[in-house]
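Structural overview for review
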Amino acid sequence: MTDIQQVSLQRRRGWVVWLLLAVVVVTGVWGGVWLTIRAEVERQLDQWLTAEAVLGREHRCPQRHIGGFPFRIDVVCRDAVLQMHTPNGMMLAQFGSLTVTALIYNPDHVIADFSAPLTIRQKDELLAFIDFQGGQASLTIHNQALERLSVVLTRPSFARADNIRPEIASQMLELHARPSPATEASKRDYDLAISLSGLGPAGIRPDQGADLSSAAVIRAVPSTAGEDSAGVLAAWARAGGLIDLVKLRLTRGGGILGINGKLGFNERGLAQGGFEAVVADSAALLNGLAIPGFGDLSLVFGPALTLVGRSGEIEGKRGTRVDVRVDNGQLSLGAVVIRAFPPVF
């Protein structure tokens, strides 16, 4: 090897050494920055948990871990629990585990993964048991306000009361929410869309299930600051808040169900509103579907619709139209009173 070659090799080795040193320095500096961001996230999370507890919403996370180095912040919580006061007593909701992720260079977009099951209890009684194969959520915030929320559950199944065996199942559940672009930001109206595919009793084949899609506007949503759940609902009612169901569409076989209407609460906390429902080919829609306590729905609701409904049309098909009213908490189907609901605040 000549002297020139030796000098060239030494220079290349020198550049490699300097490059390695630069990588080590940058990594060390960024590690310090990341640890500072991690500590700030943990401090703000603890502050938020304390503020929520003051409002009667206690979030518990027995096993919490914050990681994600080098470019993410991951908050992992196993056995996540939400305990909150409601007008009907203490309610407790529990997930299997929850992971929330945000990129350091895009902290306004948060992605969450959560695992089954979700159990909801009130006064130590099981209200609902929701199982699913996978759960994901995406939350986008702009100027500290919600810009978009999306939640997806894969193969969810639902059980109620003290029976954890699935009663209702679906192939996919999707929920999307955003501030309504058709109204002023100060009015706090939100668009809400929900869809369920392959919906039916647990164990039904996917091709035998129903497809449901709905779009609604939740109007005059109040700020939750300084209020418990009952206070939020009361403030919503005082502001003239209501759920404007623009469209709900349920299809199965050749049958179609369409519903639209509005629902809110009066000053006494009782439900108030009304809906218009139109059904075409209810036999195809309900054929073979059975729910515990109701039996075969086609045998129960088919004759009932004939008694309380009148002629209608949906998507070019002749059907039966039924007016559903809720007056001072009393649910009526046509002229028939079905049941009364207690006040929510």
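Structure: see above.
Quick look at the structure, then. (Residues numbered from 1 in each chain as written. Predicted model: local features only at pLDDT ≥ 70, side-chain atom pairs only at ≥ 80, totals over all residues. Heavy atoms only, no water.)

1. Some details on the pattern of salt bridges
By the definition in use, this model includes 13 salt bridges. With its nearest N and O atoms 2.5 Å apart, the salt bridge here joins arginine 43 to glutamate 40. Placement of both arginine 43 and glutamate 40 in helix 1 (residues 3-54) is noted, with a separation of three residues, approximately one turn of the helix. Residue classification places arginine 43 among the partly exposed positions, given a relative accessible area of 39%. Arginine 178 is the partner of aspartate 191 in a salt bridge, and the nearest nitrogen-oxygen pair spans 3.3 Å. Here arginine 178 lies in strand 14 (residues 172-179) and aspartate 191 lies in strand 15 (residues 190-201), a separation of 13 residues in the sequence. Under the relative-accessibility criterion, aspartate 191 is labelled buried at 16%. Sharing partners across several salt bridges, the network here consists of Arg38, Glu42, Asp46 and Arg64. (Salt bridge = Lys/Arg side-chain N within 4 Å of Asp/Glu carboxyl O. Helix = DSSP H or I, 4+ residues; strand = E, 2+ residues; numbered from the N terminus. Buried < 20%, exposed > 50% of the residue type's maximum accessible area, 1.4 Å probe, protein only.)

2. Thoughts on the state of the cysteines
Taken as a whole, this structure holds one disulfide when the rule is applied. The residue that forms a disulfide with cysteine 61 is cysteine 77, at a sulfur-sulfur distance of 2.1 Å. Placement of the pair is cysteine 61 in the loop between strand 1 (57-60) and strand 2 (63-67) and cysteine 77 in strand 3 (residues 72-78), with a sequence separation of 16 residues. (Disulfide = S-S within 2.5 Å.)

3. Focus: the side chain of serine 180
Residue placement: serine 180 occurs in the loop between strand 14 and strand 15. The exposure class assigned to serine 180 is buried, which follows from its relative accessible area of 8%. Each residue touching serine 180, except ones within four places of it in the same chain, is listed here: Asp189, Tyr190 and Asp191. (Contact = heavy atoms within 4.5 Å.)

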